Amino acid sequence: QVQLVESGGGLVQPGGSLKLSCAASGIIFSIGAMGWYRQAPGRERELVAGITSGGSTNYADSVKGRFIISRDNVKRTVYLQMDSLKPEDTAVYYCNAEIKLTRYGVKSLYWGQGTQVTVSS
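Residues numbered from 1 in each chain as written. Predicted model: local features only at pLDDT ≥ 70, side-chain atom pairs only at ≥ 80, totals over all residues. Heavy atoms only, no water.

Considering the sheet that holds strand 1 (residues 3-7)
- Reading across the sheet, the 4 strands line up as 1-3-8-7 and stay open at both edges, with antiparallel pairing between neighbours. Strands with a single pairing partner mark the edges of an open sheet, and in this sheet they are strand 1 and strand 7 (67-72). In this sheet, neighbouring strand axes are inclined to one another by 15° on average, regardless of whether the strands run parallel or antiparallel.
- Pairing geometry for strand 7 and strand 8 (residues 77-82), over 6 bridges, is antiparallel. Bridge pairing in strand 8 places Arg-71 opposite Val-78. (Pairing = 2+ DSSP bridges. Helix = DSSP H or I, 4+ residues; strand = E, 2+ residues; numbered from the N terminus. Axes fitted to C-alpha atoms, helices over the stretch in contact; angles between N-to-C directions.)

Laid out in structure tokens, this is it:
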């Protein structure tokens, strides 16, 4: 059974930093694109950052220059370094990944359970 497990969330003051991790476990043939989304209360889930299997990245305008997405393909983990955090970054952060279970199988999108990030003084 494939799982994505996030960690690293918490409470931080404005201007502070957090680093989120999301590790994939289970029997996996390959992992394609991975990403981070967030959902604040009363708002729709939105893309924060994405990274392809080759390392190309994209970011929401609201986090450009403050957040960095990276991945370790050996550890099957995607990271989100968040600096200069603002109260409006407060949300539940979710990771996702396109995963193939077998060589000739299809890619499916898997989601983590979410981790709370709260930016407040």
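Anyway, onward from the coordinates.
Describing the side chain of Arg-66
- By the element assignment, Arg-66 lies in the loop between strand 6 (57-59) and strand 7.
- At a separation of 2.9 Å, a polar atom in the side chain of Arg-66 contacts the main-chain carbonyl oxygen of Ser-84.
- Apart from the residues within four sequence positions on either side, Arg-66 is in contact with Gln-81, Met-82, Asp-83, Ser-84, Leu-85, Lys-86 and Asp-89. (Polar contact = N/O pair within 3.5 Å; in protein donor to acceptor, adjacent residues only side chain to side chain. Contact = heavy atoms within 4.5 Å.)

Overview of the nonpolar core
- Grouped together as the largest cluster of nonpolar side chains are 29 residues, with contacts concentrated most on Trp-36, Val-48, Phe-67, Val-78, Leu-80, Met-82 and Tyr-93.
- Within the residue set of this core, elements represented by two or more residues are strand 3 (18-25), strand 4 (30-39), strand 5 (46-51), strand 7, strand 8, strand 9 (91-100) and strand 11 (115-119).
- With 5 residues, the top contributor of residues to this core is strand 9.
- When near neighbours in sequence (up to four residues on either side) are disregarded, Phe-67 contacts Arg-38, Val-48, Tyr-59, Leu-80, Gln-81, Met-82, Asp-83, Leu-85, Asp-89 and Tyr-93. (Core = buried A, V, L, I, M, F, W, Y, C linked by side-chain atoms within 4.5 Å. Buried < 20%, exposed > 50% of the residue type's maximum accessible area, 1.4 Å probe, protein only.)

Focus on the state of the cysteines
- Following the criterion strictly, the structure yields 1 disulfide and no others.
- Between the sulfur of Cys-22 and that of Cys-95 lies a disulfide, 1.9 Å long from S to S. Across the S-S bond linking Cys-22 and Cys-95, the dihedral sits near 50°, which makes this disulfide right-handed. In this pair, Cys-22 sits in strand 3 while Cys-95 sits in strand 9, placing the two residues 73 residues apart along the sequence.
- Exposure remark for Cys-22: the relative accessible area of 0% places this residue in the buried category.
- Here Cys-95 falls in the buried class, since its relative accessible area comes to 0%. (Disulfide = S-S within 2.5 Å.)

Some thoughts on the environment of Met-34
- Inspection of the secondary structure assignment puts Met-34 in strand 4.
- On the basis of relative accessible area, Met-34 is assigned to the buried category, the value being 3%.
- For the pair formed by Met-34 and Glu-98, sequence separation is 64 residues and the distance between their alpha carbons is 6.5 Å.
- When sequence neighbours within four positions are dropped, the list of residues in contact with Met-34 reads Gly-50, Ile-51, Ile-69, Arg-71, Arg-76, Thr-77, Val-78, Asn-96 and Ala-97.

Focus: unusual backbone geometry
- The backbone of Arg-76 shows a phi angle near 55°, a positive value even though the residue is not glycine.
- Residue position: Arg-76 is located in the loop between strand 7 and strand 8.
- Phi at Ser-84 is positive, roughly 50°, even though this residue is not glycine.
- Its place among the elements puts Ser-84 in the loop between strand 8 and strand 9.
- Overall, the relative accessible area of 41% leaves Ser-84 in the partly exposed class.

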